[in-house]
Amino acid sequence: MPDNASRVKLLDPRRIRVLEARLDSIDVEVEGKVYCGVRPKRPFPHSHPEILILYCGEEELGLLRDYRRLDAHSRELMERVLSIMYFVPKIRKIYSIKMVKGRYEWKVLTDKGEVVFQTWSKCVRVLPNGRLTVRDVDGRVYYVERPDELDPRSRLLLSMLL
Amino acid sequence: MGDGDEDSSINIYPSREELPPLIAEILDEDEEVVAVAKTDLVGSSYGEEEVVLTNRRLMVLNEKIEICLKLSEIKMASLHSYVNTCVMSIDTIEGPRSLVAFTKARLKAFESLVALINNMAVGKIPYKLLKQHLLSRKELESRRDASSRVLLRLLRALRPAWPLLVTAIAVSVAVRLVGLVPPYLLKILVDEILIPRANIDKLAYVALGLLAVNIVRTILNTINSYLNTRLNVSIANTLRFRVFSKLQELSLSHYDKFTSGSLFSRVVDDVNRIQWFMTGSFAMLFINTSMIAFIGITLVTLSPQLTAIALTPIPVAVLGSTIYRRLASKYYHKLWRRWSKVISVVSDAINGAILIKSFGKEPEIGYKFSESLSEFEKAQLEVFKFEQKIWPAVGFAFTVSNILVWWLGGTQVLEERMTLGSLTAFTSYMWMFYTPIFNLVENVKSMQIAAVAASRIFEILDLDPGIEERPNAKDLCLKGDVEFDNVWFTYDGVHYALKGVSLRLRAGERIGLVGPSGSGKTTLIKLLLHLYEPQVGAIRIDGIDLRDLKTSSLKRQAAIVLQNPVLVDATIAENIALGKEGASPEEIIAAAKAARAHEFIMRLPEAYDTEVGTRGSRLSGGERARIALAAALLKDPRILVLDEPTAALDALTEDEVTEELERLTRGRTTIIIAHRLSTLRFVDRIVVMDKGMVVEEGSHDQLIKREGLYRKLWEAQLRGLVRVNQVSVSGRHAR
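Parameters at a glance
Residues numbered from 1 in each chain as written. Chains lettered and ligands numbered in written order. Predicted model: local features only at pLDDT ≥ 70, side-chain atom pairs only at ≥ 80, totals over all residues. Heavy atoms only, no water. 1 Å grid on protein atoms, 1.4 Å probe; cavity = no way out; pocket = protein on both sides within 12 Å on 5 of 7 lines; lining within 4 Å. Points joined across faces, edges and corners; volume = space filled by probe spheres on them. Nonpolar A, V, L, I, M, F, W, Y, C, P; charged D, E, K, R; others polar. Helix = DSSP H or I, 4+ residues; strand = E, 2+ residues; numbered from the N terminus. Buried < 20%, exposed > 50% of the residue type's maximum accessible area, 1.4 Å probe, protein only. Pairing = 2+ DSSP bridges. Arc of directions from axis to C-beta. Contact = heavy atoms within 4.5 Å. Buried area = accessible area lost by both parts, 1.4 Å probe. Salt bridge = Lys/Arg side-chain N within 4 Å of Asp/Glu carboxyl O. Phe/Tyr/Trp six-rings, centres within 6.5 Å; stacked < 30°, edge-to-face > 60°.

## With respect to empty space enclosed by the protein
Residues and elements named next belong to chain B.
- The tally for this structure, following the rule as stated, stands at three cavities of 30 Å³ or more.
- One number sums up the size of the second largest cavity: a volume of about 40 Å³.
- Taken together, Leu527, His530, Tyr532, Glu533, Pro534, Ile539, Asp545, Leu546 and Arg547 form the lining of the second largest cavity.
- The class makeup of the residues in the lining of the second largest cavity is five nonpolar, one polar and three charged.

Structure (structure tokens):
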């Protein structure tokens, strides 16, 4: 019987250096070889954002179990790219959730500023890591990192759709 | 147990003693009746004949034996359908013969009878087996009606909630008793203060008494509300959990018997009705009884004569409630069946959304929904009309008695045989007396509703799970040697999907299972995975009967990928991880890579965290198939069953997946069901099934040489390919 595990090539974070970061790609040295225009993709963007798979064009270079173990400079460059590729505002406070024409209109404060968006009733999902995702009618996702740490009013409003 | 009143279905008699005398006396010593069906025509006139199927012969009786055929003479039984009537015919060795005619009201019974005759005479299925299945189905149906002591059972089932229930009832009784004090204070006020215009100091006590009563009542009411809220949640959760757990325990055969709407309705609506009864009406039974006792004593103390008049309408109320109890369940059963149908249509419309939209069936489903709603409305009106025949008459009797009390009481006050305060208190108490009586009558209604709801819930709780795991079942590490030993299986007790299948797979062997639709391939694998149990024969893995193997052990080491896999409404990662509890992200990715799913998953913006939607509706059939395959592979099963694994894939992907399957299945006992015979190019052996039986076995080359069913299937596929080529060639020429 073939071994499933052998299908995944794990990369050692100590042997990876990010050399350059652009909008959605990086130049990276992997095990002594330099690759340009590499896209770091998150296979589990919400539940395990620390895991990355590096793609050079169609070629899969390997899986990085936790990019946070990269050296400080590489990590900073990597996070700059990831923050664009995976732009997900984090909700800090919920001002209101109102019913507008069959949809729920949320007015919230996020780490990126105030925003108003609409959702359907089934829009909040609890992830195994305790984080919540809220998906709006346009498919955009927002995080609630630690629901218990929201203020009481925000918690009450959130519980309506949880 | 002959169901004389249910002639529309076939009649079964468990023992000779229960047979109708006419049938019993014509039987030979060792002859046994399998089933009886009654016609409703004799020739072209209304009348009744009985068609009796025994283990030896088939007879038509009309006071005497009209026709008698030995089973050995029968080649085939069949039905011929006309405008309103049907005729049952028998092909005998001497030629065809029409036996009886009947209207379509009896069609169901005769369809079953014909299937039984063919199973016995043609299929050679042992009659004892057939009869045993029919009896077990009958028993299940009869159990549905046995709801006489259902409320007592309900109480027993709610044992954990008893302390809370008793406390809530005690507090409720206390609230009502405190409410009896104000009319007594009113009597004191009228007789001792207002009329004599004296005892002014007592007025303050009366006022303070009223205030105290209200304060106590408010406190008790708050406690009462709190207890009732807790009781509500406790009862609903206890019942829902029991029903839900039972549903998880049941074999798939039970899911075939109920619509999804009907099951939803039991978990949601019936539990609500019981919850409403237990926290409302059941407590009110005690409250009302104690109120009737207390107020009754007070009334007799005030005026025995007026009390006698006040009691006169009670027999009318008792009579009304008795009639109601006798008839109400019929009306309410009907009402809820209609409601289940409404829910069923909604649930089908949601679950089958893709199918309905792709076929443009929205108007039809809309019509079906409005039809079910209007049927529900009709049933509701019938309940209303039925209730209107009883309750207004009961109400009128109370009104008459009330007028009499006023007239007689008024006369006694004028003649100074009774004080005004006593009459005022009496009339206040009398209304307080009627209210619990009326409530008690209402309690009977809700008791009836709860009894029906409880019987529907017990119908589920009483079901035999259908899958037998013997007490000493073992948890084993399997090698994967599989044996089907003379396996017979029927879903409905009449039509056999598998007829004596014997098949052996060595550990690690890969076989292809082919055959026309309905030949029994999928049934065979469902039995192997212990989703159903064969009625005859055994299935063994590594020489151990499936019933001696822990279900959990089998489920851990065997996996299936269905033809149209249904995913759960979760993320892709969660769907793949169903194959192994606590699977790491790397394991999930590795399994997806093995199933050729990783590439398309990583193209999705949210990759493995993408939500697949209800039943996986946001993905294509091919994508769903690959995710299901990944889940199966994550399990690393010893036994792998693939039901049409490439059916939803395009030709290129099919080729890739087939190649991959060849590697993935190496060393695993594998059964692959395939209509596309090209998928089976790597299997060790091909097994051909037809009409529930294994008809051919061998390699591709051996089967082609044999010129049997496999060769026909192969040639039909080749012809199809040639036709496709011709179309594409002529298309190119036309361009």
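Structure's up, so let's keep going.
## Considerations on the environment of Lys361(B)
Residues and elements named next belong to chain B.
- Structurally, the position occupied by lysine 361 is in the loop between helix H12 (353-358) and helix H13 (362-388).
- On the basis of relative accessible area, lysine 361 is assigned to the partly exposed category, the value being 39%.
- Considering only alpha carbons, one finds lysine 361 and alanine 349, twelve residues apart in sequence, at a separation of 9.9 Å.

## Regarding the sheet that holds strand E13 (residues 536-541) of chain B
Residue and element names in this part refer to chain B.
- Taken together, the four strands give an open sheet; going across it, the order is E11-E10-E13-E14, and neighbouring strands pair in antiparallel fashion. The strands lining the two open edges of the sheet, one partner per strand, are strand E11 (496-505) and strand E14 (544-545).
- Across six bridges, strand E10 (residues 482-490) lies against E11 in antiparallel orientation. Residue pairing for E11: threonine 490 is matched across the bridge by tyrosine 496.

## Thoughts on helix H10 (residues 304-311) of chain B
- Taken residue by residue, H10(B) has Leu306(B), Thr307(B), Ile309(B) and Ala310(B) as its buried positions. The buried residues of H10(B) occupy an angular sector of 160° when projected down its axis, which confines them to one face.

## Looking at the interface of chain B and chain A
- Every contact between the two is made by 32 residues of chain B and, on the other side, 27 residues of chain A.
- For the pair chain B and chain A, the summed buried area comes to about 2400 Å², and 52% of that belongs to carbon and sulfur atoms.
- Joining chain B to chain A, the criterion identifies six salt bridges.
- Across the salt bridge formed by Arg135(A) and Glu606(B), the nearest N and O atoms sit 2.7 Å from each other.

## Digging into the packing of aromatic side chains
Residue and element names in this part refer to chain B.
- On inspection of all chains with the given rule, the structure shows nine aromatic pairs over all chains.
- On the numbers, 5.0 Å between centres and 45° between planes, the contact of tryptophan 339 with phenylalanine 376 is tilted. Of this pair, tryptophan 339 sits in helix H11 (residues 314-351) while phenylalanine 376 is found in helix H13, placing the two residues 37 residues apart along the sequence.

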